[in-house]
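Remarks on the overall topology
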Amino acid sequence: MSKEIIRAENLSLYYEEMERPVFRNLSFQIHACENVLILGPSGSGKSSLIQCLNGLYPRELDGTMKGSVTVNGKSTREFQPGAASKHVGVVFQDPETQFCMLTVEDEIAFGLENLRTPVQEMEAIINDVLHSVGLYEFKSAQISKLSGGQKQKLALACILAMEPEVIVLDEPTANLDPVASKDFVATLSALKHKRDFALIVIEHQLDDWVTLLERAFILQNNGVCLYDGPFRKGMELHAASLQKQGIWMPFAAQTAIKKKIAFLRLPLLIEELVNVNNPELLNVSHPASKHKRGDVLLEAYNVSWKKVVRSTALQIHQHEFIAIVGANGSGKTSLSRLLAGISKPSKGKISFQGKLLSQWKERHLYEKLGYVFQNPEHQFITDSVYEEIAFGLRIMYPDSQEAERKTDKILAQFHLEQWKHHHPFALSQGQKRRLSVAAMLANDQSLLFLDEPTFGQDAASTDKLMELLMDKFNKGTSIVMITHDMNLVDQYATRVLVVDEGRIAADVSPAKLWVRGDLDDFQLTYPNRIELERMLKKRKDSYVPS
Amino acid sequence: MYLHNVNPSVKALTIVGLVFVLAFLFDPITPLIYIFWTLLITFSFGSFRKKYYIIYFLSFLLFAFGMLWSSIIFADVPNDPAEQVTILGWEVPKEDLLVAISLSLRILAFATLSLLFVFTTNMVQFILSLIQQLKLPPKLAYGILAGYRFLPMMKDEFQHIRSAHRLRGLNEAASFPAKLQQFQRFAIPLLAGAIRKAERTAVAMESKGFTGDRNRTYYRPITISKKDWIFPIIMFSMLGLLIAVSVKFGYFSWYSGQF
């Protein structure tokens, strides 16, 4: 076994205001050049665990940390602030807030300056890391001008430049479009060949990572370690409880288990899944949709906004489930905000239920039209989770008992009961997201916009959320959802809008979109189901005797 | 351009020194000539968008003029007709008028000097120079730099919160108490967001090894060379010359409690 770098022993973490520990009695080692995936449901303390590894906790912790973490044999408690980062570098989840300088080169230099790297050597190091993440041409660019994917690569480059022995990535692809995330993983794989570092990744969406990360460390809801060992074996042994805990599994593994296909080794990649002996079991095609849409609900005529949305026309009908997809920064959010009347178009007109948006009284409009923001915190207006949901219901049901009954029901549906007296801001990211959707769904709108509602959610929360949305949809609400998750598009949408540079590049049913060969141009990928079908077909074709 | 390359700390201290000296001069002629001198230097040795300069300058001019105007209007009623002048049919004491003019011109002189600095200095360079030359603690300086990135983010955030609240059925407030309440509702998520962002940035900075320690190297070392001293020498010589002229012609006056 190669050299041990991090050793955690009986690590438990308690936050001040909570009785239960975030996680307890974790013991593990991280060795040089290892690739570890940390897996667990939302709120199981994965991000907190990282803070323990890089020495930030217990120093900055409001609570207590029990047990010990050593980095190269030295306890993290003994490191000076910032000193452990020489050994353990972290790339954080939010690409916006991890920079403190204005340009790309300055940001990388910042870390080097902290390490007291001589000035003469800096230039070479900066060039080197920029080359290895593919950002060299942006060396003197302003950070604010970079796309989400580029920012995440820059964050990685900053850490690479400092040459730590362990690099930790906290949901690095959560904010990225499908191609950018694949690209990010590819960059990392290439780096692993060139440089020596151990890699620890926290991630919900596993499909892109399967080949890179061979060890899994699985945390449970209650903060106890479920499994630590080879990734595949973990999936094989604990598939049932993973599903129960709502932890994502790779598509191939999920399908194999769902279809009860016998296997020697649980497939993790679609390529492996295709090679089972009885491929006819793998029929994953959707039943032909019987969906029928209703009358026109919302209509946009040649709408433009700044340079972000360019003369767009479209109609939204009753009973439609529309997915808006496209690259980071292509104008998806701006378009949805225009359609919802949040921003006013600089050109063009939008009408809702036959009346121009500008003629609607705001209050009446938003009784019929809902919008869930990307950042859930923006829309919280009360002091408790309970009040947050009850707020809209009280307006709808003047009978307070009815409102209370409904509130309790929604709290239960969204698994928020035990938090009902908490302040909305005190919830975990996943819970906040659920609350923001719950508060919106409480009203019976006829059209609902959601801006990346499933981002950063574990499998259980995503399933739950989609189930609730489908319920609304089946009762007649039209849903417009911005998402990067092509599997959701495939599974739920009745219509897809592909946005590219402020224009609608395609407006088709998902089935028709998958037939097109140019998804790459829009930074999109094919859903797993389609890839599986293609590979199956390829395999069948190659069996045809010639 | 020369002005952009002057060491920012030297430039800043020069400006502060000049402002300090000008504050003690009380004749109207010296600042007036010095204003033209500063403008000449700014436009000859700096490169920037002239339009913006003019907009800023005009707003200071307006302010200075307002100051002049109000000093004249609120001047004491003259009691000695020999000591008064008439402007646009308005009779004001000569003494008061001179004080008003020199006050306004001083403001304008400070403004032109500040604008010279603002329009020819890169904010990042200035802060780096403050750390390297003037020994500003890095903890503070890098904090300011990080905060500088936050400003546009805060503006976006505010707009998001506003529209999110409108969507939840909270109308734009019309009356003053309602506005106050609305402001509170905005302030909490805005502040919570800002604090959380600041915390994340602080954590990210620390995980890049930032300790606030002065013992660090600099990718952009900012030094003081002989050329940097030309700026203070020229600026102070000119001021000295103007003061000498004013003494020679007898209109020199220190500030000694007038007005």
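So, how was this worked out
Residues take numbers from 1 onward in each chain, read along the sequence in its written order. As a convention, the first chain written is A and the first ligand written is 1, with the rest following in written order. Reporting in this predicted model follows two pLDDT cut-offs: at least 70 for local features of residues, and 80 or more for side-chain atom pairs to be given and counted; totals over whole chains, interfaces and linings ignore these cut-offs and use all residues. Side-chain figures throughout are based on the complete set of non-hydrogen atoms in the structure, without hydrogens or water. Strands here are runs of E lasting at least two residues and helices are runs of H or I lasting at least four, both read from the DSSP assignment and numbered beginning at the N terminus. Radius of gyration here uses only the C-alpha atoms, and the compact-globule reference equals 2.2 Å multiplied by the residue count raised to the power 0.38. Burial status follows relative accessibility: with a 1.4 Å probe on protein chains alone, a residue under 20% of its type maximum counts as buried, one over 50% as exposed, and anything between as partly exposed. For the area figures, the Shrake-Rupley method with a 1.4 Å probe applies, and any residue is considered shielded solely by the protein chains shown. In these notes, a set of buried Ala, Val, Leu, Ile, Met, Phe, Trp, Tyr and Cys residues joined through side-chain atoms within 4.5 Å is what counts as a nonpolar core. The contact rule is simple, with two residues in contact once any of their heavy atoms fall within 4.5 Å. Residues adjacent in sequence count toward polar contacts only when both atoms are side-chain atoms; beyond that, a polar contact is any pair of N or O atoms within 3.5 Å, and within protein one must be able to donate a hydrogen and the other to accept it. Values labelled buried area give the accessible surface lost by two parts on being combined, using a 1.4 Å probe and summing over both. We count a salt bridge whenever a side-chain nitrogen from Lys or Arg sits within 4 Å of a carboxyl oxygen from Asp or Glu. The pairing test for Phe, Tyr and Trp rings, Trp by its six-membered ring, is centres within 6.5 Å, and the orientation test on the planes gives stacked under 30 degrees, edge-to-face over 60, and tilted for anything in between. Should DSSP find at least two bridges between two strands, the strands are taken to pair. Only the stretch in contact is used when a helix axis is fitted, and all axes are lines through C-alpha atoms; the angle between N-to-C directions ranges over 0 to 180 degrees. Here the term patch refers to residues with relative accessible area over 30% and no salt bridge, with like charges joined within 9 Å and nonpolar side chains (Val, Leu, Ile, Met, Phe, Trp, Tyr) within 5 Å. The length a helix should cover is 1.5 Å for every residue beyond the first. Domain extents, as shown, originate in an automatic or database domain assignment.

**Observations concerning the overall build of chain B**
Counting its regular elements, chain B contains nine helices and two strands. Listed by position from the N terminus, the elements making up chain B come as α-α-α-α-β-β-α-α-α-α-α. Against the globule reference of 18 Å for 259 residues, chain B gives a C-alpha radius of gyration of 25 Å, more extended than a compact globule. Seen through its principal axes, chain B has C-alpha atoms that stretch 70 × 60 × 35 Å. Relative to its 259 residues, chain B shows a buried fraction of 44%. Accessible surface, chain B: about 14,100 Å² in total, of which carbon and sulfur atoms supply 69%.

**Things to note about the nonpolar core**
For soluble globular proteins, nonpolar side chains are generally found buried alongside one another. All names here are of chain A. In terms of nonpolar packing, the biggest core is built from 83 residues, with F321, L339, F352, F414, L447 and L469 touching the most fellow members. Looking at which element gives the most residues to this core, the answer is helix α14 (residues 459-474), with six residues. Those residues in contact with L469 that sit more than four places away from it in its chain are F321, L441, L448, L450, I479 and M481. In terms of nonpolar packing, the next biggest core, distinct from the first, is built from 68 residues, A161, F197, A253 and L532 among them.

**Section: the side chain of A:R215**
Residue and element names in this part refer to chain A. Within the fold, R215 resides in strand β9 (residues 215-219). A distance of 2.8 Å separates a polar atom in the side chain of R215 from a polar atom in the side chain of E34. Engagement of the side chain of R215 in a polar contact is seen with the side chain of D228, the distance being 2.8 Å. Other than its neighbours up to four places away in sequence, R215 contacts F28, Q29, I30, E34, N35, V36, L37, D228, G229, P230 and F231.

**Remarks on the interface of chain A and chain B**
Contacts between the two partners involve 62 residues from chain A and, on the opposite side, 44 residues from chain B. Taking both partners together, chain A and chain B bury about 4,800 Å²; carbon and sulfur atoms supply 57% of that area. Linking chain A with chain B are nine salt bridges, by the criterion used here. Among the ionic pairs, B:R168 bridges to A:E388, the shortest N-O distance being 2.6 Å. Our count for the contact surface shared by chain A and chain B stands at 27 residue pairs in polar contact (both at pLDDT 80 or more). If you list the elements that add at least two residues to the side of chain A that touches chain B, you get α2 (104-114), α3 (119-133), α4 (148-161), α10 (362-368), β16 (369-372), α11 (385-396) and α13 (429-441) of chain A.

**A few points about unusual backbone geometry**
Residue and element names in this part refer to chain A. Cis geometry marks the peptide bond from Y57 to P58, where omega comes out at 10 degrees. Assignment of secondary structure puts P58 in the loop between α1 (46-53) and β4 (63-71). Positive phi outside glycine occurs at E171, with the angle close to 40 degrees. Tracing the backbone through its elements, the reader meets E171 in the loop between β7 (166-170) and α5 (178-194). Of note in this structure, K306 is not a glycine but carries a positive phi near 45 degrees. Take K306: it is sitting in the loop between β11 (296-305) and β12 (309-317).

**Things to note about the packing of aromatic side chains**
Residues and elements named next belong to chain B. In the structure shown here, the tally under the stated rule is 21 aromatic pairs over all chains. An angle of 65 degrees between the planes, with centres 5.6 Å apart, marks the rings of F43 and F48 as edge-to-face. Among the residues examined, F48 registers a relative accessible area of 15% and is labelled buried. The interplanar angle of 80 degrees and the centroid separation of 5.0 Å between the aromatic rings of F117 and F126 together place this pair among those described as edge-to-face. Each member of the pair, F117 as well as F126, carries the same accessibility label: buried. Linked through ring pairs, F43, F48, Y53, Y56, F57 and F119 together constitute an aromatic cluster.

**Description of the sheet that holds strand β8 (residues 198-202) of chain A**
Residue and element names in this part refer to chain A. Strand order in the open sheet formed by six strands is β6-β7-β8-β3-β9-β10, and the pairing between neighbours is mixed. What marks the edges here is a single partner per strand, and that holds for β6 (88-91) and β10 (225-230). Neighbour to neighbour, the strand axes of the sheet diverge by 15 degrees on average, direction disregarded. In this sheet, β9 lies alongside strand β3 (residues 35-39) in parallel orientation, the contact comprising four bridges. Across the sheet, L37 pairs through a bridge with A216, a residue of β9. Running at roughly 170 degrees to β6, α4 makes contact with β6 and β7 of the sheet.

**Here's the deal with a nonpolar patch on the surface**
The grouping of B:F65, B:W69, B:I73, B:F74, B:I87, B:L88 and B:W90 at the surface amounts to a nonpolar patch, some 800 Å² of accessible area in total. When residues of the nonpolar patch are assigned to their parent elements, the largest contribution, three residues, is made by helix α4 (residues 50-73) of chain B.

**Details of the pairing of β4(A)**
Residues and elements named next belong to chain A. Direction of pairing for strand β1 (residues 4-15) relative to β4: antiparallel, over a ladder of eight bridges. Along β4, the bridge assignment pairs A8 with V69. In terms of strand pairing, β4 meets strand β5 (residues 74-75) through two bridges, oriented antiparallel. For T70, the partnering residue across the bridge sits in β5 and is S75. Once β4 ends, the chain turns through two residues before running back antiparallel as β5, passing N72 with a positive phi of about 50 degrees.

**Describing α13(A)**
Residues and elements named next belong to chain A. Taking 1.5 Å of rise per residue, the 13 residues of α13 would be expected to cover 18 Å, and the 18 Å separating its terminal C-alpha atoms lies within 8% of that figure. Counting buried residues in α13 gives twelve out of 13 residues, a clear majority hidden from the surface. The complete set of buried residues in α13 reads G430, Q431, K432, R433, R434, L435, S436, V437, A438, A439, M440 and L441.

**Notes on the environment of A:F414**
Residue and element names in this part refer to chain A. Here F414 is to be found in the loop between α12 (400-413) and α13. Accessibility expressed as a relative area gives 2% for F414, which makes it buried. For the pair formed by F414 and I202, sequence separation is 212 residues and the distance between their alpha carbons is 24 Å. Excluding residues that lie within four positions of it along the chain, F414 makes contacts with R434, V437, A438, L441, L465 and L468.

**Regarding the sheet that holds strand β20 (residues 503-508) of chain A**
Residues and elements named next belong to chain A. Across the sheet, six strands lie side by side as β16-β17-β18-β13-β19-β20; this open sheet has mixed pairing. Of all the strands in the sheet, the pair left with one neighbour each is β16 and β20. Going across the sheet, the axis of each strand differs from the next one's by a mean of 15 degrees, ignoring polarity. Both β16 and strand β17 (residues 447-451) contribute to a ladder of four bridges, which runs parallel. Bridge assignment links Y371 to a residue of β17, and that residue is F449. Relative to the sheet, helix α9 (residues 332-339) contacts β13 (321-326), β16, β17, β18 (478-482), β19 (495-500) and β20, its axis offset from that of β16 by approximately 155 degrees. α14 rests against β13, β17 and β18 of the sheet, and its axis sits at about 145 degrees to β18.

**As for the domain arrangement of chain B**
The domain architecture assigned to chain B consists of domain 1 (2-127 + 223-249) and domain 2 (136-207). Each of domain 1 of chain B and domain 2 of chain B has a C-alpha centre, and these two points are 37 Å apart.

**Quick notes on the pattern of salt bridges**
Residue and element names in this part refer to chain A. Applying the stated criterion across every chain yields a total of 34 salt bridges over all chains. Put simply, R215 and E34 hold a salt bridge, and the shortest N to O gap is 2.8 Å. Of this pair, R215 sits in strand β9 while E34 sits in the loop between β2 (23-31) and β3, placing them 181 residues apart in sequence. With its nearest N and O atoms 3.9 Å apart, the salt bridge here joins K537 to D541. On the criterion of helical spacing, the pair formed by K537 and D541 is a turn pair, its members being four residues apart in helix α17 (residues 528-543).

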